[in-house]
Amino acid sequence: MSLPQDATAPDLLFALLPDGGIAPDGPDTLAPLAAALHAQYPKALTLNLHPPLRDAEGRCRWWPESEPSPEGVSAALPHLLERLRMEAKKLDLPWQRVALAGVGDGALLALEAVQAESQLVGRVLAFAGGYLARPEHAPQDVCVHLLHGLADQRFPYRHVVDAAQALVDLGADVTADLLPHIDHSLHPALIEKAMEQLRTFIPARLWREAVIAARENERPGA
């Protein structure tokens, strides 16, 4: 867990989900993302959530098999949902102030989590990963940011493009940034693009609230 840079209570929580296959005693692969988030949001707290399973080589896995399956994802979701709810309650943060950021398998799990559970988090940053299947409904009041390399061989970018189009058609808040010459990784260029989207993308929910507020102000006697 990385605490805010000052002593005040955090105003945002970013839960970070690493890719599968990471050695538990290896370097923190999410450190560059956490550093970027803290630089942009000094009062945010970042929390690394590690995969609970271990394969035959002792590497961390979100699901028993090497490739994700509906059964594996369904089994991984309850623990993640419970942990997110618990951490948000502990910090007294509403779900809109909580975000999920995942890489690879962690990105897939983050995306599927907001498909399965409403009012879980306000934003998802999905690096080098995508959905288990083409989304059939839009997560309500969730901004989905897909960040991918065009040279990703493990998770081909065409699946990300297809999912993004499906979400647009369903009326979701979604951005899709596909950068050239980047393979399956948490590349610095993808992190930089993610920070830009966090700064500039305005959720539809805020637009709706602004319109309602403007209408209230225009009422006679307001």
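We now turn to the structure provided with this report. (Residues numbered from 1 in each chain as written. Predicted model: local features only at pLDDT ≥ 70, side-chain atom pairs only at ≥ 80, totals over all residues. Heavy atoms only, no water.)

### As for the overall build of the chain
So the rule is basically this: In DSSP terms, a helix is any run of H or I states spanning at least four residues, a strand is any run of E spanning at least two, and both are numbered starting from the N terminus. Relative accessibility thresholds used throughout: buried, under 20% of the residue-type maximum; exposed, over 50%; partly exposed, between the two (1.4 Å probe, protein chains only). Any two residues whose heavy atoms approach within 4.5 Å are treated as being in contact. Residue burial considers only the protein chains on display, and all accessible areas are found by Shrake-Rupley using a 1.4 Å probe.
Each helix and strand counted, the chain has 6 helices and 8 strands in total. Tracing the chain from N to C terminus, the helices and strands come up as β-α-β-β-β-α-β-α-β-β-α-β-α-α. Buried residues in the chain amount to 47% of all 222 residues. At a minimum sequence separation of 6, the contacts of the chain that also span at least 24 residues come to 69%. Carbon and sulfur atoms form 54% of the exposed surface of the chain, whose accessible area is close to 11,300 Å².

### Some remarks on the nonpolar core
As a reminder of what qualifies: We call a set of buried Ala, Val, Leu, Ile, Met, Phe, Trp, Tyr and Cys residues a nonpolar core when their side-chain atoms join them within 4.5 Å.
Counting residues in each nonpolar core, the largest one holds 40 residues, and the members touching the most others are L84, L100 and L109. Among the elements of the structure, β1 (12-17), β2 (44-48), α2 (70-91), β5 (98-103), α3 (105-116), β6 (123-127), β7 (143-149) and α4 (157-169) are those that each provide at least two residues to this core. Sequence-distant contacts of L109, defined by excluding residues within four places in its chain, comprise L17, W62, W63, V73, A76, L77 and L80. A34, A36, L186 and M195 belong to the second largest nonpolar core, which has 24 residues in total.

### A few points about the environment of K193
When you line up the elements, K193 lands in helix α5 (residues 188-200). For the pair K193 and H145, spaced 48 residues apart in sequence, the C-alpha to C-alpha distance is 9.8 Å. Beyond its immediate sequence surroundings of up to four residues, K193 is in contact with L147 and D177.

### Considering unusual backbone geometry
Glycine aside, residues mostly have negative phi, and peptide bonds are mostly found in the trans state. With a phi angle near 55°, D92 is a residue other than glycine that sits in the positive phi range. Secondary-structure assignment places D92 in the loop between α2 and β5. Given a relative accessible area of 68%, D92 falls into the exposed group. In this model, H181 sits at a positive phi of 65°, which is unusual for a non-glycine residue. Along the chain, H181 turns up in the loop between β8 (173-179) and α5.

### Here we look at α3
What counts here: A helix is expected to reach a length of 1.5 Å times the quantity of its residues less one.
With 12 residues, α3 extends 16 Å between its outermost C-alpha atoms, agreeing within 8% with the 16 Å of an ideal straight helix rising 1.5 Å per residue. Along α3, 11 of the 12 residues are buried, which leaves the element largely enclosed by surrounding structure. All of the buried residues in α3 are D105, G106, A107, L108, L109, A110, L111, E112, A113, V114 and Q115. Looking at the packing, one finds that the buried side of α3 touches β1, α2, β5, β6 and β7.

Geometric values such as these leave the question of function open.
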